There are 2 protein chains.
Amino acid sequence: MTAVLVIEDDDRIRLALLLALEEEGYTAHGAATAEEGLRRQRENPADNVLVDLMLPGLDGFECIRQMRRDDDVPIVVVSARDDTHDIVAALEAGADDYLVKPVAIKELSARLRALRRRGRALVAPVPAQVFGDLEISPDAGEVRRAGQRVAVTRTEFRLLCELAEHAGRVLSRQQLLQRVWGYDTGDERLVDVHVGRLRQKIEADPANPRHLVTLRGLGYKLQR
Amino acid sequence: MTAVLVIEDDDRIRLALLLALEEEGYTAHGAATAEEGLRRQRENPADNVLVDLMLPGLDGFECIRQMRRDDDVPIVVVSARDDTHDIVAALEAGADDYLVKPVAIKELSARLRALRRRGRALVAPVPAQVFGDLEISPDAGEVRRAGQRVAVTRTEFRLLCELAEHAGRVLSRQQLLQRVWGYDTGDERLVDVHVGRLRQKIEADPANPRHLVTLRGLGYKLQR
DNA sequence: CAGTTTCATGACAGTTGTGTGACAAAACCC
DNA sequence: GGGTTTTGTCACACAACTGTCATGAAACTG
C-alpha cells in the first residue's frame, strides 16, 4: 500500500485530495502546516509527499529543503501559481514534479506512479551491512567499528551508505557527487575530502585503509 | 557534459529547442522521426530524451515504449496537447515527465536537472572475465592472477578491459589508441610500452606471454 | 645470410592524481 | 544570539603514472 502525505493549508482542497487519493487506492494523510508535515514525515514516512507552496509560517520551498536534508522521498508540488520562476525554484529546492491546480486526479496518480517507478531502482533495502569490523545500519543511522559506535556526520553517513550499497564496486567521484550530493557537476575534490574524513573515523589505520580504498584514476570502493 | 536528444518532427521547434538547450550548457542532438531517434539513442545514448507525441510514422507513445525496452534514460514528453488522457498515457508508456508547449527553457532545464538528480540505477553489474589464471572484473576495478590481486594503473586497466571485451580477436595499435586513449592519431609505440608494462604484471613469464600475445604486423590480442 | 622491419624494454622528465591541513561560510543547537 | 559543528574550497606536497626516446633483440624478406 502506497502512503501519501498531503501538506496543504486549505482544508477543502486538502480533504478533496485525500479523498481522491484514497479513491485511487492510496493511503493518504494530511498536514495543514509545513511544520506538521515535516514532523509527520519524520515520525511516519510516506512514500510520496504532496506540498502546496503557499503555507502559513514556513513556506513550501523551505519545507521541501528541510525535508530533503534527510529524506529522499519523491516530492510533488501542487500549486495554484503557474509561474516559471516558482516552478524552477521549487525544483531547485528539491521537488521532483510540479502540478498546477486544479489537478486531474488521474494525472496526479500517473505522475506519482512514474516517480515511484524511477525511484525504486535506487532504493535497495539494506538492513545492516558488515565489512569485517565495520558495521553500517542505514535504518538505525549508525556506524560501528569493533562494536564501538562511531559518530559520523550526515554527509559522511550518506557517502558510506552509497558505497556500502554497491559494496565491492568502484564508484567514480562523479557518480558519488551525483548520488550523495545530487550535484550534476562540481568539484570532485569534495569527494576526496569527505572520504578522508570518513577514513579518520572508520579505519583502524587511516593512512592504509582496508575498507574504504582508493582506485587511482577510477574512484573509491568499500570492500570487506 | 550532459547530452540531450530531441525527437521532434517540426524543424523550427526542434532547432529552437536544440539552440536553447545548448545555451543552457547541454550538448543537444536532434532527430526528426521516432525511428531516427531510437537509432541515435541506441548508437550514441544521451543522458536525457525529449520527445514530441505527434510524430510521422511511429508515434511518440510507441517511441517511448520501444526505447524503454532497453534503456532507462529519463524521457520527457513535450507536446502541444494539454490533455489528461494524453498525459496519463505518456507516463504509462514510460515517460518521466510531460510538458505542454510552449515550454519555458528554464523550466525544462530545471525539470531535466530534477530527473537526473533522482538518478539512474548503476548499469547492470558486469561479471568478471576469466582467462585461465587471469581474472578481470571491471566493476571492482580489479585484476587477479592466480587469485592474487595485481595492482594495475588506470591506462593498463582500460587497455586490458578493451582487449578482454574482444577476447580472442586481434586489435590493431590504431584501434587500441582510438578506444583506450581516444587518440585519432598518435605514436603506436605507446601501445607497445603499455602492453609491456601490463605483461610484467599479469603474465607468469612476461617474456613468453600466454594471454596477452603479439601478432606481428597486426596488433595484440588477449586469449585464454 | 645480410638487410630491413617490427617489437620489447629500461631510463627519465613532465604531468596528473590524491591526501591533508587550514580556513571561512553555513547550518545547527541550545 | 552566541558558541559549536559541519561543510565546502583552496593550496601545497608527495607519490604515482604517462609518454617519449634510445637501444638492442627478434622476426621477417629476398
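Since we're looking at a predicted model, the values are computed, not measured.

S.K.: What is the right way to read the interface of chain A and chain B from this model?
M.R.: The parts lose accessible area when they come together, and the size of an interface is often stated as this lost area. Every contact between the two is made by 43 residues of chain A and, on the other side, 39 residues of chain B. Of the roughly 3300 Å² buried between chain A and chain B on both sides combined, carbon and sulfur atoms contribute 48%. The tally of links from chain A across to chain B stands at seven salt bridges. Between R113 of chain A and E92 of chain B there is a salt bridge; the shortest N-O distance is 2.0 Å. In this structure, the connection of chain A to chain B is made through 13 residue pairs in polar contact (both at pLDDT 80 or more). If you list the elements that add at least two residues to the side of chain A that touches chain B, you get α4 (84-93), β5 (97-100), α5 (105-120) and α7 (173-181) of chain A. Counting residues per element, the side of chain A that touches chain B draws most heavily on α5 of chain A, at ten residues. Residue composition of the side of chain A that touches chain B, by class: 17 nonpolar, ten polar and 16 charged.

S.K.: Hey, could you run me through the sheet that holds strand β7 (residues 134-137) of chain A in this one?
M.R.: Backbone hydrogen bonds hold the strands of a sheet together, and the pairing may be parallel or antiparallel. Residue and element names in this part refer to chain A. Reading across the sheet, the four strands line up as β6-β7-β8-β9 and stay open at both edges, with antiparallel pairing between neighbours. Each of the sheet's edge strands pairs with one partner strand only, and the pair in question is β6 (129-131) and β9 (148-150). In this sheet, neighbouring strand axes are inclined to one another by 25 degrees on average, regardless of whether the strands run parallel or antiparallel. When β6 meets β7, the two strands line up antiparallel, connected through three bridges. Bridged to F131 within β7 is L134. Where helix α6 (residues 154-165) meets the sheet, its contacts fall on β6, β7 and β8 (142-145), and the angle it forms with β7 comes to roughly 100 degrees.

S.K.: Would you mind showing me how to read the pairing of β7 of chain A here?
M.R.: For a regular strand, side chains alternate in direction, first toward one face of the sheet and then toward the other. Residue and element names in this part refer to chain A. Counted between consecutive antiparallel strands, the loop separating β6 from β7 contains two residues, among which G132 sits at a positive phi close to 60 degrees. Bridge count between β7 and β8: four bridges; the pairing is antiparallel. Paired with L134 across the two strands is R145, which belongs to β8. Connecting β7 to the antiparallel partner β8 that follows it, the hairpin turn spans four residues, and G141 within it adopts a positive phi of roughly 70 degrees.

S.K.: Would you explain the protein's contact with DNA strand D in this entry?
M.R.: The environment of DNA strand D is formed by 19 residues, the closest being T153, T155 and R197 of chain A together with T155 and R197 of chain B. Among atoms of DNA strand D positioned within 4 Å of the protein, sugar and phosphate together represent 64%. At 3.5 Å, a side-chain N or O of R216 of chain B approaches a base nitrogen of DNA strand D. Breaking the surface near DNA strand D down by element, the ones donating at least two residues are α6 and α8 (189-202) of chain A together with α8 (189-202) of chain B. Among the residues forming the surface near DNA strand D, the class breakdown is eight nonpolar, six polar and five charged.

S.K.: Even after reading the chapter, I still don't get the protein's contact with DNA strand C, so can you show me in this structure?
M.R.: Around DNA strand C sit 22 residues in total, of which R69, T214 and G217 of chain A together with T214 and G217 of chain B are the nearest. Close to the protein, within 4 Å, the atoms of DNA strand C belong to sugar or phosphate groups at a rate of 67%. Separating a phosphate oxygen of DNA strand C from a side-chain N or O atom of R199 of chain A is a distance of 3.0 Å. Every element with two or more residues in the surface near DNA strand C is listed here: α8 and β10 (212-215) of chain A together with α8 of chain B.

Definitions and limits used
Residues numbered from 1 in each chain as written. Chains lettered and ligands numbered in written order. Predicted model: local features only at pLDDT ≥ 70, side-chain atom pairs only at ≥ 80, totals over all residues. Heavy atoms only, no water. Contact = heavy atoms within 4.5 Å. Buried area = accessible area lost by both parts, 1.4 Å probe. Salt bridge = Lys/Arg side-chain N within 4 Å of Asp/Glu carboxyl O. Polar contact = N/O pair within 3.5 Å; in protein donor to acceptor, adjacent residues only side chain to side chain. Helix = DSSP H or I, 4+ residues; strand = E, 2+ residues; numbered from the N terminus. Nonpolar A, V, L, I, M, F, W, Y, C, P; charged D, E, K, R; others polar. Pairing = 2+ DSSP bridges. Axes fitted to C-alpha atoms, helices over the stretch in contact; angles between N-to-C directions. Near = heavy atom within 4 Å.

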